[in-house]
Amino acid sequence: WGSLVNPTGVAACPGSGCLAVAHDGKKRIHIFGPSGFCLRRFGERGEAGNDIKYPLDVTVTSDGHVVVTDGGDCSVKAFDLEGRGVLAVREGFSLPWGLDATPNSEVILTDSEAGALYRLTADFQRGELKKCQMIRSRLVSPRAIAVCQTSGAVVVIEHLKARGPSKGSTRVKILSAEMELIGQMDSFGLNLVFPSRIYATAVAFDREGRIIVTDVCSQAVICLGKPEEFPIFNPLISHGLSYPVGLTYMANDSLVVLDSGDHSIKVYSST
């Protein structure tokens, strides 16, 4: 397994090229350098205020702060890159799950149990929460989320309840920066268009604004196109993955896949 235990989220640091990974080890957050070496570990498993009980996802803001959703005490916690806790936001969440940072270091996050999206604005340097606002409601168990760094569009993966013996399905929902619905399609609808059933677990935007998802059914990474052309079907990675649960792009346009099946990080060049 290496140093990762049941990893749940991965994010790239915009400035340093480092990767932050959330997992279930004794220290919940690992920071890896561009060459793959683990530079530091922090986020103790425990009961103290800045300890992390059960990390569900991680993002890194443009000003270099690591933000984690903690399903253990339903909070959002922020750290500097050295691992010092700077902020913990606990009020108002039912089950915060996925999150992604905007270019101006705001954080957009999903609340899976409340069926909502929140925008969290904070001065992370000072450890001050400025605003935590619900910006969209009436979603169905939203989990993974990504924010387009150019348009501000948001894509969310909803997890739909199972009917009968099946394990349920997922729905890819695209929202504008103003939180208006642009498009959506669930596993059944995608199956009508594509050759295989897609159960999406992670999502990202590439540099061109295309939507990229991981699919645990076909153990693949698939491009669904830009919001205005959604959905197209372009498999990017179709072998070598076991159970992909995390996805991010690095500054050099390399695609990073977090594979929970073999507890690893896999980096793919775009050439």
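As recorded in an unreviewed UniProt entry, the chain goes by the name NHLC1 ligase, listed as coming from Picathartes gymnocephalus.

What follows is about the pairing of strand β18 (residues 211-215). Counting buried residues along β18, five of its five residues qualify, which places the element largely inside the surrounding structure. In β18, alternate side chains face the same way, and those of I211, V213 and D215 on one face and I212 and T214 on the other are all buried. Hairpin remark: strand β17 (residues 200-205) followed by β18, antiparallel, with five residues in the connecting loop; positive phi at G209, about 85°. Two strands pair when backbone bridges link them, and β18 and strand β19 (residues 220-225) are joined in this way by five bridges, in the antiparallel orientation. Bridging from a neighbouring strand, I212 pairs with C223 of β19.

Taking strand neighbours across the sheet as the criterion, the four strands line up as β9-β10-β11-β12 in an open arrangement whose pairing is antiparallel. Two strands lie at the open edges of the sheet, namely β9 (96-101) and β12 (128-136), each paired on one side alone. Each strand of the sheet is rotated relative to its neighbour by a mean of 25°, with strand direction disregarded. Bridge analysis of strand β10 (residues 107-111) against strand β11 (residues 116-123) gives five bridges, and the strand direction is antiparallel. Residue I108 lies in a different strand from β11, and its bridge partner there is R119.

Rules used throughout
- Residues numbered from 1 in each chain as written.
- Predicted model: local features only at pLDDT ≥ 70, side-chain atom pairs only at ≥ 80, totals over all residues.
- Heavy atoms only, no water.
- Buried < 20%, exposed > 50% of the residue type's maximum accessible area, 1.4 Å probe, protein only.
- Helix = DSSP H or I, 4+ residues; strand = E, 2+ residues; numbered from the N terminus.
- Pairing = 2+ DSSP bridges.
- Axes fitted to C-alpha atoms, helices over the stretch in contact; angles between N-to-C directions.

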